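Overview (structure and organization)
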Amino acid sequence: MTLDTVKHATETPESAQPWAELGLKEDEYARIREILGRRPTGAELAMYSVMWSEHCSYKSSKVHLKQFGEKAPENDALLVGIGENAGVVDVGQGYAVTFKVESHNHPSYIEPYQGAATGVGGIVRDILAMGARPVAVVDPLRFGAADHPDTKRVLPGVVAGIGGYGNCLGLPNIGGEVVFDACYQGNPLVNAGCIGVMKHEDIHLAKASGAGNKVILYGARTGGDGIGGVSVLASETFDDSKPTKRPAVQVGDPFQEKLLIECTLEIFQEKLVAGIQDLGGAGLSCATSELASAGSGGMRVELDSVPLRDATLSPEEILMSESQERMCAIVEPQHVERFMEICEKWDVIATVIGEVTDGERLEIFWHGEQIVDVPPRTVAHEGPVYQRPYARPDWQDALQADDAGQLARPATSAELKDQVLQLVASPNQASKAWITDQYDRFVQGNTVLAQPEDAGMVRIDADTNLGVALATDGNGRYAKLDPYAGAQLALAEAYRNVAASGAKPLAVSDCLNFGSPEDPAVMWQFAEATRGLADACQTLGTPVTGGNVSLYNQTGETAIHPTPVVAVLGVIDDVTRRTPIGFAEEGQLIYLLGDTREEFGGSAWSQVVHEHLGGLPPQVDLERERLLAEILISASRDGMIDAAHDLSDGGLIQALVESCLRGGTGARLVVPDALDAFTFLFSESAGRAVVAVPRSEEVRFTDMCTVRGLPATRIGVVDGEEIDIQGEFSIPLSELRTAHEGTIPGLLP
Amino acid sequence: MARVVVDVMLKPEILDPQGQAVQRALPRLGFDGIAIAEVRQGKRFELEVDGPVDDAALTRIQELADTFLANTVIEDFTVKVEPS
């Protein structure tokens, strides 16, 4: 086999190349030839193909994602915005927090355990690369129907993978969601988020500057993990003798990652790096081209110095390998020795693989021969950008006209009671303790709130009790009915959840999960959802700091529900002032905040009782969300409320059941005059929360709501051992607990 | 009574953190002086079968190894009958 060097490529311009098998389009291949003024070598083709893939280049989504920057609200807290590994926000007292959500959907369907585990590993390295110590993770998950046989394969594997990897790293898992819907049957969504904490001066960026600085690859050896396209390249064109088919599955080693974290933090502490990047999707191709592209000069890499796990790997495969637990650092020559000492101390393999040059090219050599000579920006940042056609699907009107308000409502109190029990026991509304109990939620001792609370919250300073909260939400059913409103409702819910815990919402990260961008209907959903989210972030003053897009989530022609998962980060000055969801004190008064309307489109009730999806999602009122949040935060800080729970899917009754079961107390409630019992219990109007107010604080609390103009209705009192709706029904807590907590363990082995 | 042995190994290209940990422990525990370049760790199942191990039985065992004992996304397996 001849090595396809730059020289060889120049001499054999007409040699056929497997660009189509690598996922490139004809015009993209032509563009690469135009950039280089010759055909690309095999290694260059490998790099361009992975870096210009949808996953790395955001070529279909970029034109819409721009709005997050253009519409970004003024926010003094934002220290690093979109474009880096993760955004960074100022949380006060000299601390900065970085957070981000990413997807690992496709790998988790193929191999649930390793797919989910490496999803956690990847997001943790992203956070680490910003200079921060990772302090907590969250996992928003979507699976197929709860009773489908394949869910029994995928869910336990995913949960064990998240738990296994995160628990080994010693990172508490403080939140996330689990949602079941048949639309995710062939495309489970495994999103993973991470929070990291640092001091302002410790922020690190992914750039390679300073000619003569060394490029150091450290962490695990490089093996044949996760090489998708290049197997085609290797087997069909360059080497027919290659025996094994390279799998797309990456296997993680959390103990290696733990060493990598501690080693990297010590390196940061001694200020030994000028730039740093983690290796995730597209491996070395991505790290070298992004570092060089963001820096001021070029880069020269000796690829044969990369430590290998499998000596038979070709240079193309080394460039594309997605072996886990690797990082790439740019280090000034005088710091290299100390860098190596620290790596040795932590038993981490580190190798100088190249250096920053004063040129403008990324040059890669293999046994002394040049195999890559490209302008790095064309690989990393100037990939193709598509204006994909989009159109409102023709079925959208019919879907919205199929009003859930027309569905048969319970006619008697007995029927109402049955539907309450049915709702709280349904897979989506049931307790997820079986899942979240498999994660370590309290390791490190800084977790103050975790599932099933509204938001996860960790203390970041032991002396001052400064803390941060994170909530993730995303209702695919709402977004299917109206993607613009659905994305806003996802943001509103996460924002409300953070505020209900007592923290002030600061910034947003998102993971946008959609079907194929080549389908104009899906592209319309994407365009609407991003526009909705950008508009809402502007109104609420919470900028999007970064995130991830996952497209092609579909089976055949059928796309998943558009599922924008939104994470909101909040800050709380003193975590001892936090508000839990549980009603714990008998005699406290229960207030419903906000307006309740007859809104059932996309509701949990319509799904559970009627298997229906149609109509419009609840109205969005962002000014109301902001007011509600301000009231919840003030009331928490001044000790006016002892419990708060946001109202979302399942409506008031779902929130009441959760708050009562969490606190171990019952509640006696009266239906307000203006509402019927059914609407009172099941409506999913947004901008609402339920709170428990100590009697001594009632006047102060209601006065505050009156002055600020927030409707607050006294609906009952914390009391007894049952939930009693006056004139309708009463259900003992024990019965509710059995219904709510028995479902998930009963479905899964 | 016959014994059928199913050996399950991670595919050669898949990372084996346990095998690596064993290899790294060797010099520390005094097992140096021999050049062990790599260690890979697998699983061995011994199935005691009542009655004859005929083609039909082997086909069933092959099937159970393929679907249950091994995760063929990341593992290979072999089935062999041990002489009694």
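If you check an unreviewed UniProt entry, chain B appears there as Phosphoribosylformylglycinamidine synthase subunit PurS from Streptomyces nigrescens. Turning to chain B, the UniProt annotation filed under Catalytic activity (unreviewed entry) states: "N(2)-formyl-N(1)-(5-phospho-beta-D-ribosyl)glycinamide + L-glutamine + ATP + H2O = 2-formamido-N(1)-(5-O-phospho-beta-D-ribosyl)acetamidine + L-glutamate + ADP + phosphate + H(+)". UniProt annotates chain B under Subcellular location (unreviewed entry) with the comment "Cytoplasm".

Going by the annotation in an unreviewed UniProt entry, the name recorded for chain A is Phosphoribosylformylglycinamidine synthase subunit PurL, with Streptomyces nigrescens given as the source organism. As stated in UniProt under Catalytic activity (unreviewed entry), the record for chain A gives "N(2)-formyl-N(1)-(5-phospho-beta-D-ribosyl)glycinamide + L-glutamine + ATP + H2O = 2-formamido-N(1)-(5-O-phospho-beta-D-ribosyl)acetamidine + L-glutamate + ADP + phosphate + H(+)". In its Sequence similarities (unreviewed entry) section, the UniProt record describing chain A reads: "Belongs to the FGAMS family."

As for the overall build of chain A
For chain A, the helix and strand inventory stands at 26 helices and 28 strands. Overall, the C-alpha framework of chain A stretches about 85 × 55 × 45 Å when taken along its three principal axes. The burial tally for chain A puts 64% of its 749 residues in the buried class. In chain A, of all internal contacts separated by at least 6 residues, the share reaching a separation of at least 24 is 85%. Here chain A displays about 25400 Å² of accessible surface, and carbon together with sulfur accounts for 49% of that area. Taking the 58 positively charged and 106 negatively charged side chains of chain A as two groups, their mean positions are separated by 2 Å.

Some remarks on the interface of chain A and chain B
Counting residues at the interface gives 15 residues for chain A and 9 residues for chain B. Of the roughly 1100 Å² buried between chain A and chain B on both sides combined, carbon and sulfur atoms contribute 57%. Of the residues that constitute the side of chain A that touches chain B, the class distribution is 4 nonpolar, 3 polar and 8 charged.

Description of a negative patch on the surface
Where like charges cluster on the molecular surface, the negative patch consists of Glu585(A), Glu586(A), Asp642(A), Glu721(A) and Glu722(A). Locating Glu586(A) in the fold gives a position in the loop between strand S21 (563-572) and strand S22 (589-593).

Examining helix H26 (residues 733-747) of chain A
Between the first and last C-alpha of H26(A) there are 22 Å, a value that for 15 residues agrees with the 21 Å anticipated at 1.5 Å per step. The elements touched by buried residues of H26(A) are strand S5 (173-180), helix H16 (413-425), helix H17 (433-436), helix H23 (651-663), strand S27 (722-725) and strand S28 (729-732) of chain A.

Remarks on the side chain of Asn75(A)
Residue and element names in this part refer to chain A. Along the chain, Asn75 turns up in the loop between helix H5 (62-70) and strand S1 (78-80). Accessibility expressed as a relative area gives 19% for Asn75, which makes it buried. A polar contact is formed between the side chain of Asn75 and the backbone nitrogen of Ala77, at a distance of 2.8 Å. Once you skip the residues sitting within four places of it in the chain, Asn75 turns out to touch Leu506, Gly541 and Pro543.

Criteria and thresholds
Residues numbered from 1 in each chain as written. Chains lettered and ligands numbered in written order. Predicted model: local features only at pLDDT ≥ 70, side-chain atom pairs only at ≥ 80, totals over all residues. Heavy atoms only, no water. UniProt positions renumbered as here; feature names shortened; annotations may be inferred. Helix = DSSP H or I, 4+ residues; strand = E, 2+ residues; numbered from the N terminus. Buried < 20%, exposed > 50% of the residue type's maximum accessible area, 1.4 Å probe, protein only. Contact = heavy atoms within 4.5 Å. Areas by Shrake-Rupley, 256 points an atom, 1.4 Å probe, with all protein chains shown as cover. Lys, Arg positive; Asp, Glu negative; His and termini not counted. Charge placed at Lys NZ, Arg CZ, Asp CG, Glu CD. Buried area = accessible area lost by both parts, 1.4 Å probe. Nonpolar A, V, L, I, M, F, W, Y, C, P; charged D, E, K, R; others polar. Patch = residues over 30% accessible without salt bridge, like charges linked within 9 Å, V, L, I, M, F, W, Y side chains within 5 Å. Salt bridge = Lys/Arg side-chain N within 4 Å of Asp/Glu carboxyl O. Expected span 1.5 Å × (residues − 1). Polar contact = N/O pair within 3.5 Å; in protein donor to acceptor, adjacent residues only side chain to side chain.

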